[in-house]
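Next come the chains, spelled out residue by residue.
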Amino acid sequence: QGALKTATSNVSSERLGEILASYGIITQDQLVDCVLGVNSERRLGQVVVEEGYIGREQLFEHLRIQLEKIFYATLLVNKGNYAFIQPDENAEPPAMTFHVPVQALLMEGVQRIDEMEMFRERISSIDMCPVATSENVTRSLNESLKPVIQLIDGRRSIRTISHDLGWDEFETTKAVYNLLQ
């Protein structure tokens, strides 16, 4: 039907709990407590709602964010495996489904691929460890870049900065590229 219904990933930063923590909905300690409440009958989203950390509407919005993050990250993978499948009609349905038009996702995804190619001209790898050259720059920075510059120390890789901020590879690489500019 031309729509993405669900997505799963084994990448930790693409898990719902990590996404909620990266958006400041829950702390890492609250996430640990919620994970302890998960079982075969209670999923993490349900536990987070029951604990009062998030409302149902906000949960659904973050589940959609999760779906999109997984999709966009998949398009940027240059090695490894991924699959787009249509589930067997007799299979148990996923716990949550959406109806996100694939065409819109692909348009955004193609733009990200093009931008990432441009970023790669100056940033060869997500394992690069950027170094800040001036502390005075921080005051004049766009607010969206300040969290990144605060973690740039010459020892943390873009991968580590991305994980620490709860951002995806694209967002972090774009921020580092903008700082380089």
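Reading the values: rules and limits
- Residues numbered from 1 in each chain as written.
- Predicted model: local features only at pLDDT ≥ 70, side-chain atom pairs only at ≥ 80, totals over all residues.
- Heavy atoms only, no water.
- Helix = DSSP H or I, 4+ residues; strand = E, 2+ residues; numbered from the N terminus.
- Buried < 20%, exposed > 50% of the residue type's maximum accessible area, 1.4 Å probe, protein only.
- Areas by Shrake-Rupley, 256 points an atom, 1.4 Å probe, with all protein chains shown as cover.
- Lys, Arg positive; Asp, Glu negative; His and termini not counted.
- Charge placed at Lys NZ, Arg CZ, Asp CG, Glu CD.
- Contact = heavy atoms within 4.5 Å.
- Polar contact = N/O pair within 3.5 Å; in protein donor to acceptor, adjacent residues only side chain to side chain.
- Core = buried A, V, L, I, M, F, W, Y, C linked by side-chain atoms within 4.5 Å.
- Salt bridge = Lys/Arg side-chain N within 4 Å of Asp/Glu carboxyl O.
- Axes fitted to C-alpha atoms, helices over the stretch in contact; angles between N-to-C directions.
- Parallel < 35°, antiparallel > 145°, perpendicular 65-115°, else oblique.
- Left-handed = near helix turned anticlockwise from the far one by under 90°.
- Nonpolar A, V, L, I, M, F, W, Y, C, P; charged D, E, K, R; others polar.

Novice: Honestly, the overall build of the protein chain in this entry has me stumped. Any pointers?
Specialist: For the protein chain, the helix and strand inventory stands at eight helices and two strands. Mapped from its N terminus to its C terminus, the protein chain presents α and β elements in the order β-α-α-α-α-β-α-α-α-α. Counting the 181 residues in the protein chain, one finds 35% classified as buried. Looking at the protein chain as shown, the accessible area adds up to about 11900 Å², and 48% of this sits on carbon and sulfur atoms. The average position of the 17 basic charges and that of the 26 acidic charges among the side chains of the protein chain differ by 4 Å.

Novice: In this structure, what is going on with the environment of Leu165? I would like to understand it.
Specialist: Here Leu165 is to be found in helix α7 (residues 158-165). Dropping the residues within four chain positions of it, Leu165 is found in contact with Ser22, Pro147, Val148 and Leu151.

Novice: Would you explain the side chain of Glu14 in this entry?
Specialist: Considering the arrangement of structural elements, one finds Glu14 in the loop between β1 (3-4) and α1 (16-22). Reaching out from Glu14, the side chain makes a polar contact with the side chain of Ser9 at a distance of 2.5 Å. With residues near it in sequence (within four places) discarded, Glu14 still touches Ser9, Ile19, Gln66, Lys69, Ile70 and Ala73.

Novice: Honestly, the nonpolar core in this entry has me stumped. Any pointers?
Specialist: Membership of the largest hydrophobic core comes to 21 residues, with the highest contact counts inside it found for Leu20, Ile26 and Val48. Of all the secondary-structure elements, those providing two or more residues to this core are α1, α2 (28-36), α3 (44-50) and α4 (56-76). Apart from residues no more than four positions distant in its own chain, Leu20 is found in contact with Ile25, Ile26, Val48, Ile54 and His62.

Novice: Help me understand the pattern of salt bridges, please; the structure alone is not making it clear to me.
Specialist: Evaluated as defined, the whole model comprises 12 salt bridges. One network of salt bridges, with partners in common, ties together Asp153, Arg155, Arg156 and Asp164.

Novice: Would you mind going over the packing of helix α5 (residues 102-120) against helix α8 (residues 169-180) with me for this structure?
Specialist: Relative placement of two packed helices is described by the angle separating their axes and the distance separating the axes. At their nearest, the axes of α5 and α8 sit 10 Å apart, and the two run at 45° to each other. When the axis of α5 is compared with that of α8, the two are oblique. Here the hand of the crossing between α5 and α8 comes out left-handed. Note on element contacts: α8 touches α5 through Glu169, Phe170, Thr173, Lys174 and Tyr177, opposite Arg112, Glu115, Met116, Met118, Phe119 and Arg120. Of the residues in the contact of α5 with α8, the class split is five nonpolar, one polar and five charged.

Novice: Honestly, the side chain of Asp168 in this entry has me stumped. Any pointers?
Specialist: Looking at the secondary structure, you find Asp168 in the loop between α7 and α8. A polar atom in the side chain of Asp168 sits 2.8 Å from the backbone nitrogen of Glu171. Asp168 has contacts with Lys69, Arg112 and Ser162, leaving out every residue within four places of it along the chain.

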